[in-house]
Amino acid sequence: MCGIVGIYLKTKKYEKSLGKFLSGMLDNMATRGPDSAGFAIYTKENKNNFKYSICLNNLSVQDFKKKISKYFKKIKIIKYSDHIIMETKDKPKEVIKVIDEKIKEVSIVGYGKSINIFKQTGNPKDVVKKFKLSSFSGTHGIGHTRMATESAITTEGSHPYSTAEDECLVHNGSLSNHNNVRRDLIKKGQEFKSENDTEVAAGYISNKISEGNNLKNTLTSSLKNLDGFYTFIAGTKDGFALLRDEIACKPAVVAETKDYVAVASEFQAMAHLPNVNSAKIFEPKPGVVYNW
Amino acid sequence: MNFDLSKKKLTDINKYLQNIDRKSNVRKFKIENPSGHHAICAGLKDDIDVTINGHTGYYCAGMNQKASVTVNGNVGTGVAENMMSGKVFVKGNASQSAGATGHGGNLVIEGDASSRCGISMKGINIIVKGSVGHMSAFMAQKGNLIIFGDADEDLGDSIYEAKIFVKGKVKSLGADCVEKKMDEKSINELKKIFKELNISENPKNFKRYGSARKLYNFKIDNAGAY
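Worth saying up front: this structure is predicted, and the values here are computed from it rather than measured.

Overview of the overall build of chain B
Here is step 1 of the chain: When helices and strands are counted, chain B shows two helices and 11 strands.
Here is step 2 of the chain: From first element to last, N terminus to C terminus, chain B shows the α and β order β-α-β-β-β-β-β-β-β-β-β-α-β.
Here is step 3 of the chain: The C-alpha radius of gyration computed for chain B amounts to 18 Å, which stays within 12% of the reference 17 Å derived for 226 residues, consistent with globular compactness.
Here is step 4 of the chain: Summarising its shape, the C-alpha atoms of chain B cover approximately 60 × 45 × 30 Å along the three principal directions.
Here is step 5 of the chain: Per-residue burial for chain B yields a buried fraction of 52% across its 226 residues.

Encoded structure:
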């Protein structure tokens, strides 16, 4: 089943409440995906620094600090349960290489100048609490509650998937040609960390964007190249886009007011949002890319 | 009588409405704060009048018999699914599969209905004042799907004996669905439905679509295959 949610703020009015809104949306979608949850929240871009969202797994934050300080000096770390957000001027290429090769106990769940990603197994209601999602402010965010189907209930199997700087994807559905697409993308240099179909879709999107396509064209091309059923919400630094497969197998509903656009698998995910009763509410058409 | 879904459990409200005391004169009910809950007013079976103020989730007024349910908002998937009789009015938009498998009664949607509106309908009248999404009236068996706006791809795919009336544009017709003559019988039928529902609309503005009867009828040419 799975639940997906997204909220994009059109005005500054609710920036401080973004985490609270997204947290409520994930809470309400716990019934659609009780196995794990995750979210990406986009905060104001810091032009000089990169932010790395890292799952520590069983490593303590002190041990991580000891290890990382051998390679990078000026770092700032904020701990959220078993995840940390590490801020540094050091570029992704070097940082990712060091972490992948020297600190194998941890895993990078995402990085960029504005994205913060958290994901973990467990009931979504607990996951949002442990990462203190309500305390975040930001400009837009997307989230996922997972009912596991084709791969195990693990952190790696949880959404969102981030396969490039400030990009991420959540998905409700399943893909049938992900093994073929993964093989093609590996040949093009894309790396994958799991056997999950959504990671392949995220990799596909990252690869197309790296070739110079915009998000809208990329998603349009996925209608041809990704086979299966899906509702996708793909996030970037500037906003997010929504796409349903051409049969519209998986649900989605959009609510738009002058201050925000919210997307979710079911309306009840957004019933708590301000002025939602007077919002323009509609079901997005199949095979059409909507972006904000 | 008023119910507040933020204070009272949905199952309790539904139970009350499903087991109306027939001696009681209270026939009008209001439900506040539906907040997208699923199956609100499902399984009503008495001649009562329920108004829901706000947006509902899936299967609102499903399996309805005799009751009149009005939603002052949007509805999720499968509004009035398998309705037997009665009336359901939606003031906003409806998600997919509105009126699915409905046997009777009237479903009126003021806004748009999404994909597969009237899928497998079996006698219900569905009136959509906006447009409908793709594959509407898929395998529809009986009843009328009346669309004031446009219809997306594959309208009436694999249709049996239901009738479709469209005032706007049809993007494409599905397998075995063809345009048919807007005959006197159909015009009178629409007139009757519009009159009953207080809709002022001229049936002559509609085009009629239905089954070419090539797909579901037994063909003598195939006799050898059995």
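Once you've had a look at it, read on.
Description of the overall build of chain A
Here is step 1 of the chain: Of the regular secondary structure elements, chain A holds seven helices and 16 strands.
Here is step 2 of the chain: Each principal axis of the C-alpha atoms in chain A carries an extent, and together these give about 55 × 40 × 35 Å.
Here is step 3 of the chain: Evaluated residue by residue, chain A yields a buried proportion of 50% over its 292 residues.
Here is step 4 of the chain: Considering only intrachain contacts with a sequence separation of at least 6, the fraction spanning at least 24 residues in chain A is 74%.

As for the sheet that holds strand β14 (residues 260-264) of chain A
All names here are of chain A.
Here is step 1 of the chain: Reading across from one edge, β7-β2-β8-β1-β14-β13-β15 is the order of the seven strands in this open sheet, with antiparallel pairing throughout. The sheet terminates laterally at β7 (115-121) and β15 (280-282), the two strands that pair on one side only. Neighbouring strand axes in the sheet, compared pairwise and without regard to direction, differ in orientation by 10° on average.
Here is step 2 of the chain: With five bridges connecting them, strand β1 (residues 3-9) and β14 associate as antiparallel partners. Directly across from V5, in β14, lies its bridge partner A264.
Here is step 3 of the chain: Here helix α1 (residues 18-28) sits on the sheet and contacts β1, β2 (36-42), β8 (140-146) and β14; the angle it forms with β1, its principal contact strand, is near 160°.

Things to note about the environment of L133 of chain A
All names here are of chain A.
Here is step 1 of the chain: Relative to the helices and strands, L133 resides in the loop between α4 (124-130) and β8.
Here is step 2 of the chain: Each C-alpha atom of the pair L133 and L22 lies 7.7 Å from the other, and the pair is 111 residues apart in sequence.
Here is step 3 of the chain: Once residues within four sequence positions are removed from consideration, L133 is found in contact with G19, L22, S23, F39 and V128.

Points about the domain arrangement of chain A
Residues and elements named next belong to chain A.
Here is step 1 of the chain: Structurally, chain A comprises domain 1 (3-40 + 122-291) and domain 2 (46-113).
Here is step 2 of the chain: The C-alpha-based centres of domain 1 and domain 2 are spaced at 24 Å.
Here is step 3 of the chain: If you look at the interface, domain 1 gives 10 residues, while domain 2 gives 10 residues.
Here is step 4 of the chain: Residues that form the side of domain 1 that touches domain 2 fall into these classes: three nonpolar, two polar and five charged.

Focus on the nonpolar core
Here is step 1 of the chain: With 79 residues, the main nonpolar core has V5, L22, M25, A264 and M270 of chain A as its most contacted residues.
Here is step 2 of the chain: Those residues in contact with M270 of chain A that lie beyond four places of it in its chain are M25, A255, A262, A264 and V276 of chain A.

With respect to α1 of chain A
All names here are of chain A.
Here is step 1 of the chain: For α1, the tally of buried residues reaches 10 of 11 residues, placing the bulk of the element in the interior.
Here is step 2 of the chain: By the burial criterion, the buried members of α1 are L18, G19, F21, L22, S23, G24, M25, L26, D27 and N28.
Here is step 3 of the chain: At its buried positions, α1 is contacted by β1, β2, α4, β8 and β14.

Quick notes on the interface of chain B and chain A
Here is step 1 of the chain: With 18 residues of chain B at the interface, the matching set in chain A holds 13 residues.
Here is step 2 of the chain: Tallied by class, the residues present in the side of chain B that touches chain A amount to no nonpolar, 18 polar and no charged.

Some details on the packing of helix α6 (residues 197-210) of chain A against helix α7 (residues 215-225) of chain A
Residue and element names in this part refer to chain A.
Here is step 1 of the chain: Here α6 crosses α7 at 130°, and the two axes come no closer than 9 Å. As the angle between them shows, α6 and α7 are arranged oblique. Every pair of crossing elements has a handedness; the one defined by α6 and α7 is right-handed. Here Y204, I205, K208 and I209 of α6 lie close against α7, whose contacting residues are L215, T218, S221, S222 and N225.

A look at the packing of helix α5 (residues 178-187) of chain A against α6 of chain A
Residues and elements named next belong to chain A.
Here is step 1 of the chain: Running from N to C, α5 and α6 point in directions that differ by 40°, and their axes come no closer than 9 Å. The orientation of α5 relative to α6 falls into the category oblique. α5 and α6 meet at a crossing whose hand is left-handed. Contacts from H178, V181, R182 and L185 of α5 reach α6 at D197, V200, G203, Y204 and N207.
Here is step 2 of the chain: Looking at side-chain class alone, the contact of α5 with α6 contains four nonpolar, three polar and two charged residues.

Points about the pairing of β1 of chain A
Residues and elements named next belong to chain A.
Here is step 1 of the chain: Counting buried residues along β1, seven of its seven residues qualify, which places the element largely inside the surrounding structure.
Here is step 2 of the chain: Here β1 shows no split at all, with G3, V5, I7 and L9 on one side and I4, G6 and Y8 on the other all buried.
Here is step 3 of the chain: With six bridges joining them, β1 and β8 adopt antiparallel strand pairing. Its bridge partner being in β8, V5 is matched across the sheet by G143.

Some words on the sheet that holds strand β3 (residues 49-53) of chain B
Residue and element names in this part refer to chain B.
Here is step 1 of the chain: Reading across from one edge, β1-β2-β3-β4-β5-β6-β7-β8-β9-β11-β10 is the order of the 11 strands in this open sheet, with mixed pairing throughout. Either end of the sheet is taken by a strand with one partner, and the two such strands are β1 (2-4) and β10 (177-180). Neighbouring strand axes in the sheet, compared pairwise and without regard to direction, differ in orientation by 15° on average.
Here is step 2 of the chain: For strand β2 (residues 28-32) and β3, the ladder comprises five bridges, and the chain directions are parallel. Bridged to I31 within β3 is I52.

Thoughts on the environment of K167 of chain B
Residue and element names in this part refer to chain B.
Here is step 1 of the chain: Here K167 is to be found in the loop between β9 (163-166) and β10.
Here is step 2 of the chain: Separated by 58 residues in sequence, K167 and A225 have C-alpha atoms that sit 42 Å apart.
Here is step 3 of the chain: Not counting residues within four places of it along the chain, the set of residues in contact with K167 comprises I147, F148, N205 and F206.

Comments concerning the confidence of the model for chain A
Here is step 1 of the chain: When pLDDT is averaged along chain A, the result is 95, and 100% of the positions lie at 70 or above.
Here is step 2 of the chain: Ranking the helices and strands of chain A by mean pLDDT puts β14 of chain A first, with 98, and strand β9 (residues 161-164) of chain A last, with 94.

Details of the environment of S136 of chain B
Here is step 1 of the chain: In this structure, S136 of chain B sits in the loop between β7 (122-128) and β8 (142-147).
Here is step 2 of the chain: Sequence separation between S136 of chain B and E81 of chain B is 55 residues; the distance between their C-alpha atoms is 14 Å.

Scoring rules and cut-offs
- Residues numbered from 1 in each chain as written.
- Chains lettered and ligands numbered in written order.
- Predicted model: local features only at pLDDT ≥ 70, side-chain atom pairs only at ≥ 80, totals over all residues.
- Helix = DSSP H or I, 4+ residues; strand = E, 2+ residues; numbered from the N terminus.
- Rg over C-alpha atoms; globule rule 2.2 N^0.38 Å.
- Buried ≥ 20, exposed ≤ 12 C-beta atoms within 10 Å, placed from the backbone.
- Contact = placed C-beta atoms within 7 Å.
- Pairing = 2+ DSSP bridges.
- Axes fitted to C-alpha atoms, helices over the stretch in contact; angles between N-to-C directions.
- Domains from an automatic or database assignment.
- Nonpolar A, V, L, I, M, F, W, Y, C, P; charged D, E, K, R; others polar.
- Core = buried A, V, L, I, M, F, W, Y, C linked by C-beta atoms within 7 Å.
- Parallel < 35°, antiparallel > 145°, perpendicular 65-115°, else oblique.
- Left-handed = near helix turned anticlockwise from the far one by under 90°.
- pLDDT = per-residue confidence, 0-100.

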